[in-house]
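In case you want the letters, here they are:
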Amino acid sequence: MLAPADLSPPPHTQPVSRTALCRLTGLGLAGLARLLAGASARWIASQPDTCQRVYFANHTSHLDALLIWASLPRTVREVTRPVAAKDYWSGGVVRRWLAQEVFDAILIDRTDIKVHQSPVDLMLREAGTNFSLIVFPEGSRSVTGEVGEFKSGLYYLAKKRPDIELIPVHIDNLNRVLPRGEFLPVPLLSCISFGPPLWLERDEAKLDFLARARRAVLSLKE
Amino acid sequence: MNDIRTIALIAGVLLLLLLVTAVGQFLKRHPDRGIDPAAVRTFNLRIRGWWILCSVLAAAFWLGSTATVTLFGLVSFWALREFITLTPTRKGDHRALFWVFFLFTPLHYVLVGMNRYDIYSVFLPVYATLFVLARSAVAGDYKRFLERTAKIQAGLVVCVYCLSFAPALLELPIATAAAGGRDANFRLLFFLILLVQFADCMQYVWSRVLGQRLVAAAVSSSRTWEGLLGSATSTALLAAVLWWAAPPYQPWQAAVAGLVVAVMGFAGGMTMSAIKRDRGVKDYGTLVVGHGGVLDRIDSICFAAPVFYHMTVLVTGG
């Protein structure tokens, strides 16, 4: 997959060299999350790859991003950055350290969105030509476990970078492991399904595309 | 492990396993024998499962009773998570479930390891039940209340309480010098597992050979009355032949135990089939290839263990 040549130089083109402690914490947390959530990863008509991708998933629990990240093979994990809410992940020293140093997350300010500094631009600048992203197009965690309507960010991502593969991801049962508003997990078995990539079609309308992307996530539920 | 009976039992099981492995490999290499290749594949996967089961048990036995109790505790924990995963609970049950997994289940196995029968025999069925009821009520969600709490309780009783009677056999006072010391307890536990596995197999074999009348077609399409009868008779025979391995048992008592274990194992299989049918799934999980989930493997032993435990107590006392 070739990247457009006219892109401005990204902030870092190499996987950031992080300290041993951060790597170890990352590995430990990934292992713990997978053990606790009994997560099994399924690739349906799809393969793990280090090419630039956007993983978009339904959002049910605080563990979602961690678990998707943990379900990827290590080589893929190193070039994958979760996109997370700044208001939550910059609160407190531990959370900020986890988000910035361990997971190398891209923090988005949900409360103060400026026109010249849109979240999509920020994501694309941080992703550069190397990094894949994990996004939750619903915007916030679902209360009921149903998949809500997708916000338009995914469409603009696809429009501005048509070369990036969009991988639908369905997260099953994680809302029972750690529901919204709870802080103690119940160790049930969950399942992360990765689907085949999709792209924005030529002249595809925004709402059509968002509905198609949402259906792609839902279809992985079986 | 220097009792002659222990060595004989290990050697016998090892020989049997090698034999069936050889048969399985022979059938795999000669697909022209007119036997369904899918059946051969299932057979070979099952044999692989037995090798894994025997290796894990051997390692646990070698490490001692604490390791064995811990192993069964982990199996219970995993089976319970499979059970609850398939059970539709609501958010109001979250806190109750947290304590069920991280307090009641581990503590129960600690009590089993300490041989406190007086406490652990009521700990889950009484105290955990009361706790789950009260905790879910306090959480404030009354929808399908009795149904939800009953499901959690059923999971606890089958996956944790009943299964724990298998490692509890290790604490029974049968380790006399004549019985071969501590070896006797491990042989007793292995005797139970062997009978359950054998009964499962015989149930399948007799159903295939003679099976005519299904017990409950809607629940299980493979379990027949002929299979049950054949399995109960064969298991009783095997138990009578192996009576020397299970210390307090006389041959006729062992035969009765074999019969009861086969019937209880059948009951366990039917019960789990009914739950799976209701939830519309075939297996509980995918840990060992070809063996479904953990719960699919232990359903028979969960039902047989408490009955076998109390029969042993009866035989020892009388």
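Residues numbered from 1 in each chain as written. Chains lettered and ligands numbered in written order. Predicted model: local features only at pLDDT ≥ 70, side-chain atom pairs only at ≥ 80, totals over all residues.

Colleague: Looking at this structure, how should I read the overall build of chain B?
Modeller: When you go through chain B residue by residue, the secondary structure sums to eleven helices and zero strands. Listing every helix and strand of chain B by position from the N terminus yields α-α-α-α-α-α-α-α-α-α-α. Taken over the C-alpha trace, chain B has a radius of gyration of 20 Å; the compact-globule value for 318 residues is 20 Å, and the two agree within 12%. Projected onto its principal axes, the C-alpha positions of chain B cover 60 × 50 × 30 Å. Relative to its 318 residues, chain B shows a buried fraction of 41%. In chain B, the proportion of contacts linking residues at least 24 apart, taken out of those at least 6 apart, comes to 68%. (Helix = DSSP H or I, 4+ residues; strand = E, 2+ residues; numbered from the N terminus. Rg over C-alpha atoms; globule rule 2.2 N^0.38 Å. Buried ≥ 20, exposed ≤ 12 C-beta atoms within 10 Å, placed from the backbone. Contact = placed C-beta atoms within 7 Å.)

Colleague: Sorry if this is basic, but what is going on with the overall build of chain A here?
Modeller: Looking only at helices and strands, chain A features nine helices and seven strands. Burial status across chain A gives 40% buried among its 222 residues.

Colleague: Where do I start with the interface of chain B and chain A in this structure?
Modeller: In many analyses, interface size is given as the accessible surface area lost on bringing the parts together. Listed per partner, the contact involves eleven residues of chain B and ten residues of chain A. Among the elements of the structure, helix H3 (65-86) and helix H4 (94-113) of chain B are those that each provide at least two residues to the side of chain B that touches chain A. Looking at side-chain class alone, the side of chain B that touches chain A contains four nonpolar, four polar and three charged residues. (Nonpolar A, V, L, I, M, F, W, Y, C, P; charged D, E, K, R; others polar.)

Colleague: When you look at the environment of Gly140 of chain B in this model, what are you seeing that I'm missing?
Modeller: Mapped onto the elements of the fold, Gly140 of chain B is located in the loop between helix H5 (117-138) and helix H6 (145-162). Along the backbone, Gly140 of chain B and Val158 of chain B are 18 residues apart, and their C-alpha atoms lie at a distance of 27 Å.

Colleague: Got a minute to help me understand the sheet that holds strand S7 (residues 191-194) of chain A in this structure?
Modeller: Strand-to-strand pairing in sheets goes through backbone hydrogen bonds, with the strands running parallel or antiparallel. All names here are of chain A. Taken in spatial order, the seven strands of this open sheet run S1-S7-S6-S2-S5-S3-S4, and their pairing is mixed. A single partner strand is all that each edge strand has here, and the edge strands are strand S1 (40-43) and strand S4 (106-108). On average, adjacent strands in this sheet sit at an angle of 25° to one another, irrespective of strand direction. Across five bridges, the pairing between strand S2 (residues 53-57) and strand S6 (residues 165-172) is parallel. Looking at S6, one finds that Val54 is bridged to Leu166. Sheet strands in contact with helix H9 (residues 206-219) are S2 and S6, and its direction is about 45° off that of S6. (Pairing = 2+ DSSP bridges. Axes fitted to C-alpha atoms, helices over the stretch in contact; angles between N-to-C directions.)

Colleague: Can you walk me through helix H7 (residues 153-160) of chain A in this structure?
Modeller: Two residues of an α-helix separated by three or four positions point the same way, owing to the 3.6 residues in each turn. Buried within H7 of chain A we find Gly153, Leu154, Tyr155, Leu157 and Ala158 of chain A. For H7 of chain A, the elements touching its buried residues are S2, helix H6 (119-127), strand S5 (132-135), S6 and H9 of chain A.

Colleague: Got a minute to help me understand the environment of Gly128 of chain A in this structure?
Modeller: Looking at where Gly128 of chain A falls in the secondary structure, it is placed in the loop between H6 and S5. With 55 residues separating them along the chain, Gly128 of chain A and Pro73 of chain A place their C-alpha atoms 21 Å apart.

Colleague: Would you take a moment to explain the packing of helix H1 (residues 4-29) of chain B against helix H2 (residues 37-63) of chain B for this structure?
Modeller: When two helices pack together, their arrangement is given by the angle between the helix axes and the distance between those axes. Residues and elements named next belong to chain B. Packing of H1 against H2 brings their axes to within 10 Å, and their N-to-C directions diverge by 155°. The angle between H1 and H2 falls in the class roughly antiparallel. With respect to the hand of their crossing, H1 and H2 are arranged in left-handed fashion. Contact residues: Val13, Leu17, Val20, Thr21, Gly24, Leu27 and Lys28 in H1; Val40, Phe43, Asn44, Ile47, Trp50, Trp51 and Cys54 in H2. Of the residues assigned to the contact of H1 with H2, the class counts are ten nonpolar, three polar and one charged. (Parallel < 35°, antiparallel > 145°, perpendicular 65-115°, else oblique. Left-handed = near helix turned anticlockwise from the far one by under 90°.)

Colleague: Even after reading the chapter, I still don't get the packing of helix H8 (residues 183-210) of chain B against helix H9 (residues 225-241) of chain B, so can you show me in this structure?
Modeller: Residue and element names in this part refer to chain B. Put simply, H8 and H9 touch, their axes get as near as 7 Å, and they point 140° apart. With respect to each other, H8 and H9 are oriented oblique. By crossing handedness, the relation of H8 to H9 is classed as right-handed. Facing Leu195, Phe198, Ala199, Met202, Gln203, Trp206, Ser207 and Leu210 of H8, the residues of H9 in contact are Glu226, Gly227, Leu228, Gly230, Ser231, Ser234, Thr235, Leu238 and Ala239. When the residues that make up the contact of H8 with H9 are grouped by side-chain class, the tally is nine nonpolar, seven polar and one charged.

Colleague: Explain the nonpolar core to me, please; I cannot follow it from the model alone.
Modeller: General note: in soluble globular proteins, nonpolar side chains tend to be found buried as a group. Ranked by size, the top nonpolar core spans 137 residues in total, and within it Leu163, Leu192 and Ala305 of chain B carry the most contacts. Considering every element that reaches this core, the biggest residue donor is H8 of chain B, with 14 residues. (Core = buried A, V, L, I, M, F, W, Y, C linked by C-beta atoms within 7 Å.)

Colleague: When you look at unusual backbone geometry in this model, what are you seeing that I'm missing?
Modeller: Trans peptide bonds make up most of the peptide bonds, and negative phi angles are found at most residues other than glycine. Despite not being glycine, Asp203 of chain A has its phi angle at roughly 60°, a positive value. The class for Asp203 of chain A is exposed, based on 6 C-beta atoms found within 10 Å. The residue Asn115 of chain B is not glycine, and still its phi comes out positive at about 60°. As for its position among the elements, Asn115 of chain B is in the loop between H4 and H5.

Colleague: What should I look at first to understand H8 of chain B in this one?
Modeller: In this model H8 of chain B runs 39 Å from its N-terminal to its C-terminal C-alpha over 28 residues, within 8% of the 40 Å that 1.5 Å per residue would give. Where burial is concerned, most of H8 of chain B is hidden: 21 out of the 28 residues are buried. (Expected span 1.5 Å × (residues − 1).)

Colleague: Would you explain the environment of Glu226 of chain B in this entry?
Modeller: Residue and element names in this part refer to chain B. Here Glu226 lies in helix H9. Take Glu226: there are 19 C-beta atoms within 10 Å of it, and that puts it in the partly exposed class. Sequence-wise, Glu226 and Leu214 are twelve residues apart; in three dimensions their C-alpha atoms are separated by 8.6 Å.

Colleague: Looking at this model, I keep getting lost on the confidence of the model for chain B. Mind explaining?
Modeller: Any segment with low pLDDT has predicted coordinates that should not be analysed in fine detail. Residues and elements named next belong to chain B. Looking at chain B as a whole, its pLDDT mean stands at 89, while 94% of the residues score no less than 70. In the predicted structure, residues 287-291 sits below a pLDDT of 50 and forms twelve contacts with residues beyond four places in sequence or in another chain. For this predicted complex, the interface score ipTM comes out at 0.79, while the overall pTM is 0.87. (pLDDT = per-residue confidence, 0-100.)

Colleague: I'm lost on the pairing of S5 of chain A in this one. Help?
Modeller: Looking down a regular strand, the side chains alternate between one sheet face and the other. Residue and element names in this part refer to chain A. The alternating pattern of S5 places Ser132 and Ile134 on one face and Leu133 and Val135 on the opposite face, and all of these are buried. The pairing of S2 with S5 spans three bridges and is parallel. Counterpart to Tyr55 in the pairing with S5 is Ile134. Where strand S3 (residues 80-85) meets S5, three bridges bridge the pair, whose relative direction is parallel. Pairing of Thr80 across the sheet is with Ser132, part of S5.

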